[in-house]
Amino acid sequence: MFSVCTAVPVSAQQKKLAQTAMKFLSVSVDPRAAALGDALTAVDHGAASLFYNPSGMAWQETNLDIILGQTQWIAEINYSMGGLSFRPGSGRLGVIGFSFLMVDYGDLEETIRFDNDQGFLDVGTFSPSAWSFGAGYARKLSDQFSVGVQFKWANQYLANSVTGIDAEGEYVRENIEEGVLAYDFGVLYRTGFRSLNFAVSARNFAPEITFSEEGVALPLALNIGVSMNMMDLIDRGSNMHKLLLSVDATNPRDFSEQIKVGTEYTFLNTFTLRAGYVFPTDEQGISFGLGLKQSLRRFGFGADYSYTDFGILSNVQRLAIRFSL
């Protein structure tokens, strides 16, 4: 796609759509976020904030927060994620967090072009994989403002690919794998008007990587979000009912801008129902989710589930459990 302006070269105006690498970094892996249509930029969410806006981690109310989750993605691709955040000195020194994300693509058939009746030769199977490990830090700069950053090493292994056959009939292989240091950062501002939050985040800043002499960028995304407990407008201070409304505007590097809207109803700070929608999209439909959390003295436990309709691509389901101290 090209757009031309006077005295500006065409190449400078080119927007690369669907031309990024390591797309696994942009897949939503937290069921609460997914059920809210990924509108989580302005919502503090403990260790899971590392996957959306690290500054949200600064508002953690417990000394330790742990999340472990699984995502059944499209085409039987499985994502495993986890996060841990702790606040030394009860938050006076900020909050430190660690995250991991691992992807299992399963076994795929590998073929190469060959001069036979089929036109190709079956050379077996290969198993792509991807992973990232991150370390982050968030801190409140005031009672209303927080900042956060995460550095992560991301790695994508595609295959030890067959590139040809030598004179002795042996396969010639090339290992196709790349790693890169990326970082995320964000800010969150509690406006002081009821529970209204405003936040900005940027994810997957990194230099280009090269696969087989082709340079590609990571899926950078810039996000602006607002959130508020709407019950504050009619029943401020009550913990009986909470109705969170969250809205994000996202500007990704590799596809068109999107608006994400999510709502979450919580009863007695225990039972939660969620729904979210993203537009415009080609196949992704509405998302639903539910959650449960309980606390016994200082120990807290929670579980979240989400379901997202992806049209002809079937559906995506996510499950996570949380622990806090």
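Please refer to the structure higher up on the page.
Position numbers for residues start from 1 in each chain and track the written sequence from start to end. In keeping with the predicted nature of the model, local features appear solely for residues at pLDDT of at least 70, side-chain atom pairs appear and are counted solely at 80 or more, and the whole-chain, interface and lining totals rest on all residues. By convention in this description, side-chain values take in all heavy atoms of the structure and omit both hydrogens and water.

Student: Would you mind going over the overall build of the protein chain with me for this structure?
Tutor: Each helix corresponds to a stretch of at least 4 residues labelled H or I by DSSP, and each strand to a stretch of at least 2 residues labelled E; elements are numbered beginning at the N terminus. The helix and strand inventory of the protein chain stands at one helix and 18 strands. At 22 Å, the protein chain has a C-alpha radius of gyration in line with the 20 Å of a compact globule built from 325 residues. Projected onto its principal axes, the C-alpha coordinates of the protein chain cover approximately 75 × 55 × 40 Å. Of all 325 residues assigned to the protein chain, the portion counted as buried reaches 42%. Two residues form a contact once any of their heavy atoms are found within 4.5 Å. Excluding contacts between residues fewer than 6 apart, the proportion of contacts in the protein chain whose partners are at least 24 apart in sequence is 53%. Here the accessible surface of atoms and residues is derived via Shrake-Rupley with a 1.4 Å probe, and residues count as covered only by protein chains that are part of the display. Carbon and sulfur atoms make up 58% of the accessible area of the protein chain, which totals about 16,900 Å². With 24 positive and 34 negative side-chain charges, the protein chain shows a separation of 18 Å between the mean positions of the two kinds. Within these notes, the globule rule equals 2.2 Å times the number of residues to the 0.38 power, and the radius of gyration is based on C-alpha atoms. To sort residues, take the accessible area from a 1.4 Å probe on protein chains only and compare it with the maximum for the residue type: under 20% means buried, over 50% means exposed, and anything in between is partly exposed. Think of it this way: Lys and Arg go in the positive column, Asp and Glu in the negative one, and His and the chain ends go nowhere. By convention, the charge on Lys lies at NZ, on Arg at CZ, on Asp at CG and on Glu at CD.

Student: Is there a simple way to think about the pairing of strand 12 (residues 221–229) in this case?
Tutor: Residues in a regular strand project their side chains so that they alternate between the two faces of the sheet. In this sheet, strand 12 lies alongside strand 9 (residues 197–205) in antiparallel orientation, the contact comprising seven bridges. Looking at strand 12, one finds that asparagine 197 is bridged to serine 227. A pair of strands is considered paired only if DSSP assigns at least 2 bridges between the two. One ladder, built from nine bridges, connects strand 12 with strand 13 (residues 241–252); its direction is antiparallel. Of the residues in strand 13, the one forming a bridge with asparagine 223 is threonine 250.

Student: I'm lost on the packing of aromatic side chains in this one. Help?
Tutor: For this analysis, a ring pair means two rings from Phe, Tyr or Trp (six-membered ring only for Trp) whose centres lie within 6.5 Å, classed as stacked if their planes differ by under 30 degrees, edge-to-face if by over 60, and tilted for the remaining angles. Under the defined criterion, the tally for this structure stands at 11 aromatic pairs. Centre to centre, the rings of phenylalanine 151 and tyrosine 183 are 5.9 Å apart; their planes meet at 40°, and the pair counts as tilted. One end of the pair, phenylalanine 151, is in strand 7 (residues 145–165); the other, tyrosine 183, is in strand 8 (residues 171–190), with 32 residues separating them in the sequence. Considering the side-chain rings of tyrosine 183 and phenylalanine 185, the 6.4 Å spacing of their centres and the 25° angle between planes classify their relative orientation as stacked. Ring pairing ties together the aromatic residues Phe151, Tyr183, Phe185 and Phe205, which thus form one cluster.

Student: Would you take a moment to explain the pairing of strand 7 for this structure?
Tutor: Bridge analysis of strand 6 (residues 129–140) against strand 7 gives 12 bridges, and the strand direction is antiparallel. Bridged to tyrosine 137 within strand 7 is valine 149. If you look at the hairpin formed by strand 6 and strand 7, you'll find four residues sitting between the two strands. With 19 bridges connecting them, strand 7 and strand 8 associate as antiparallel partners. Looking at strand 8, one finds that alanine 154 is bridged to valine 180. Following strand 7, the chain reverses through five residues before pairing antiparallel with strand 8; glycine 169 in that reversal takes a positive phi of roughly 85°.

Student: Please clarify how a negative patch on the surface should be interpreted in this entry.
Tutor: Residues qualify for a patch when their relative accessible area is over 30% and they have no salt bridge, like charges being joined within 9 Å and the nonpolar side chains of Val, Leu, Ile, Met, Phe, Trp and Tyr within 5 Å. Salt bridges are identified by distance alone: a Lys or Arg side-chain nitrogen within 4 Å of an Asp or Glu carboxyl oxygen. Among the surface-exposed residues, Asp104, Asp107, Glu109 and Asp122 lie close enough to one another that they form a single negatively charged patch. Structurally, the position occupied by aspartate 122 is in strand 5 (residues 120–126).

Student: Can you help me understand the side chain of threonine 272 in this one?
Tutor: On the secondary structure map, threonine 272 appears in strand 15 (residues 271–279). N or O atoms within 3.5 Å of each other form a polar contact, as long as, within protein, one can give a hydrogen and the other can take it, and as long as residues adjacent in sequence are counted only when both atoms are side-chain atoms. In this structure the side chain of threonine 272 is engaged in a polar contact, spanning 3.2 Å, whose partner is the side chain of threonine 266.

Student: Would you mind going over the side chain of serine 49 with me for this structure?
Tutor: Examined against the element boundaries, serine 49 turns out to sit in the loop between helix 1 (31–35) and strand 1 (64–72). Discounting chain neighbours no more than four positions away, the residues touching serine 49 are Val43, Asp44, Pro54, Gly56 and Met57.

Student: Is there a simple way to explain the nonpolar core in this structure?
Tutor: Soluble globular proteins: nonpolar side chains tend toward being buried together. Note on terminology: a nonpolar core comprises buried Ala, Val, Leu, Ile, Met, Phe, Trp, Tyr and Cys residues joined through side-chain atoms within 4.5 Å. Ranked by size, the top nonpolar core spans 32 residues in total, and within it Met22, Phe24, Tyr79 and Ile209 carry the most contacts. Counting residues per element, the ones that place at least two in this core are strand 2 (78–86), strand 3 (95–104), strand 8 and strand 10 (209–211). Setting aside chain neighbours within four positions, we find phenylalanine 24 in contact with Tyr79, Leu101, Val103, Tyr105, Ala130, Trp131, Ser132, Ala154, Asn155 and Gln156.

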